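Below are the chains, spelled out letter by letter.
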Amino acid sequence: MKKIQLAIYALVACLAVNHVQAQNGVLKLRLDYAPAMPMGSFKTDITNQAAWRSYTGDLMYYINDRWAVGASSGFQDFYRQYPRQVYKGSDGSDISAVMTYSIQTVPILAKGEFSLIPGTHTVKPYVAVGVGGNLVTYRQFIGEYDNDKSKFGFAAAPEAGVNIAFGPWASSASLNIGAAYNYMPFNYAGINNLDNLAVKAGINIPIR
Amino acid sequence: MTKHVVMPLAVAVLLAAAAGCTKQPLDNLSANDTKVYITNRDSTANFSSFKTFSITDSVAVIRNNQLNVKTITPTDSTFIAAVSAQMQQRGYTLVQKGQSPDLGVSLNRIYSSSTTVVDYGNYWGDYYWDSYYWGYPGYPYYSDYVGVYQVTDAAVAVDLVDLKDAAASHKIKSVWSGLIRGADVINQSSASADVQALFAQSPYLKTN
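Throughout what follows, the structure given in this document is the object of discussion. (Residues numbered from 1 in each chain as written. Chains lettered and ligands numbered in written order. Predicted model: local features only at pLDDT ≥ 70, side-chain atom pairs only at ≥ 80, totals over all residues. Heavy atoms only, no water.)

Across the boundary between the two partners, chain B contributes 32 residues, which contact 33 residues of chain A. In total, chain B and chain A occlude about 2800 Å² of area from one another, counting both sides; carbon and sulfur atoms represent 62% of this. Put simply, chain B and chain A have zero salt bridges between them. At the boundary of chain B and chain A, one finds eight residue pairs in polar contact (both at pLDDT 80 or more). Class assignment for the residues of the side of chain B that touches chain A results in 15 nonpolar, 11 polar and six charged. (Contact = heavy atoms within 4.5 Å. Buried area = accessible area lost by both parts, 1.4 Å probe. Salt bridge = Lys/Arg side-chain N within 4 Å of Asp/Glu carboxyl O. Polar contact = N/O pair within 3.5 Å; in protein donor to acceptor, adjacent residues only side chain to side chain. Nonpolar A, V, L, I, M, F, W, Y, C, P; charged D, E, K, R; others polar.)

Structural data, given as structure tokens:
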């Protein structure tokens, strides 16, 4: 039993080892697969289906062992098709149609990240927030007839996750796992927002 | 240096590729799913007050808001027969137009070779069935519930006008209109089903 405990301690020590290498001034590229689940009125009014075609890319500059700043972008593809039903038109008409929503978002955010554990630990949990704009392409199809709207609006994305380095922190790639709440106001055709919760998994690659 | 250019470029390419993966709504629509059935009514009309109807013996073909021709193809005949059958199923009696029908029923094929708006205000203002056809020469047509629909392809329109009260009001009032839009609507094999769908969303259209 004592041997097992020692082995666990040794493993934890290995994972949490402080690398001697400094991490100041490291530029890293993060690529995540980030499927997103609609939230709030976006979920109840438009689609309750996850966007499986969703990706993010971050370019982060690690100022020191706790703080990083950079830019983030990505792509989300929300889609929902409702079977034929009768809708009430604004002019009082009755409209029977198959209704399809196709919504793409491309957020472009300035991002700040704070590591919860200082130093160069192999496992580094973090919190981050991105603030910026969001290019939305909204298409509502009534049968084959579409109603298009493209807008650039505000977006913010608080995020939490963990980086697990494959080797020395500054020079090695790392696994990234996290979740971000994408706050995306979008006022059009009775829609208030495109808020969604994205679960992220990907890699961090040091590029300088 | 090359690395610094290549990596952001790779991100841009990946995002562009992701955007190219957008699920295309029209690829997931069957020919039937493309169809849209629009009906509207005069909210003051009492449809049970009408007992008889007469239907046009041909179809007006309207191209880019201009009457092109009145014709009777096998497909037109099928549409006329289907509309007549629906009216009779709802309790209305088919009579000749010289027998003072309560309702006049007309069919139009609407085509537009460019993106134009068919304004139903103009549609009724320049109605394509002369009031003489119904035995009320010189009486203007009018409608209280007209809408505006964008038409970029073919559509079939069915209109019901009030002939019972025309003599008293000196007007021929529209009481119900239906529009069938979508891929391949001018089709003999689907005409009956399309007309049935159009009438199915107007349960109030009956004699009792």
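Our next topic: the pairing of strand 1 (residues 26-33) of chain A. Residue and element names in this part refer to chain A. The element strand 1 is largely enclosed, with a buried count of six among its eight residues. Relative to strand 3 (residues 53-62), strand 1 runs antiparallel, the two sharing eight bridges. Bridged to Val26 within strand 3 is Tyr62. (Buried < 20%, exposed > 50% of the residue type's maximum accessible area, 1.4 Å probe, protein only. Helix = DSSP H or I, 4+ residues; strand = E, 2+ residues; numbered from the N terminus. Pairing = 2+ DSSP bridges.)

Residues and elements named next belong to chain B. By size, the foremost hydrophobic cluster in this structure holds 32 residues, and its most contacted members are Phe47, Val83, Met87, Leu160 and Trp176. Of all the secondary structure elements, the ones that give two or more residues to this core are strand 2 (52-55), strand 3 (59-63), helix 2 (74-89), strand 6 (103-111), strand 10 (155-162), strand 11 (172-181) and helix 5 (188-200). Ranked by the residues each element gives to this core, the list is headed by helix 2, at five residues. (Core = buried A, V, L, I, M, F, W, Y, C linked by side-chain atoms within 4.5 Å.)

Looking now at the pairing of strand 9 (residues 185-188) of chain A. Residue and element names in this part refer to chain A. Here two bridges tie strand 9 to strand 10 (residues 191-193), and the two strands are oriented antiparallel to one another. In the strand pairing of strand 10, Pro185 is matched with Asn193. With antiparallel pairing between neighbouring strands as the criterion, strand 9 and strand 10 make up a hairpin whose turn holds two residues, including Ala189 at a positive phi of roughly 50 degrees.

Relative to the helices and strands, Lys35 of chain B resides in the loop between helix 1 (2-20) and strand 1 (36-41). Among the polar contacts made by the side chain of Lys35 of chain B, one reaches the side chain of Ser190 of chain B at a distance of 3.3 Å. In contact with Lys35 of chain B, not counting residues within four places along its chain, are Arg84, Ser96 and Ala97 of chain A together with Arg181, Gly182, Ala183, Asp184, Val185, Ser190 and Asp194 of chain B.

By themselves, these figures tell us nothing about what the structure is for.
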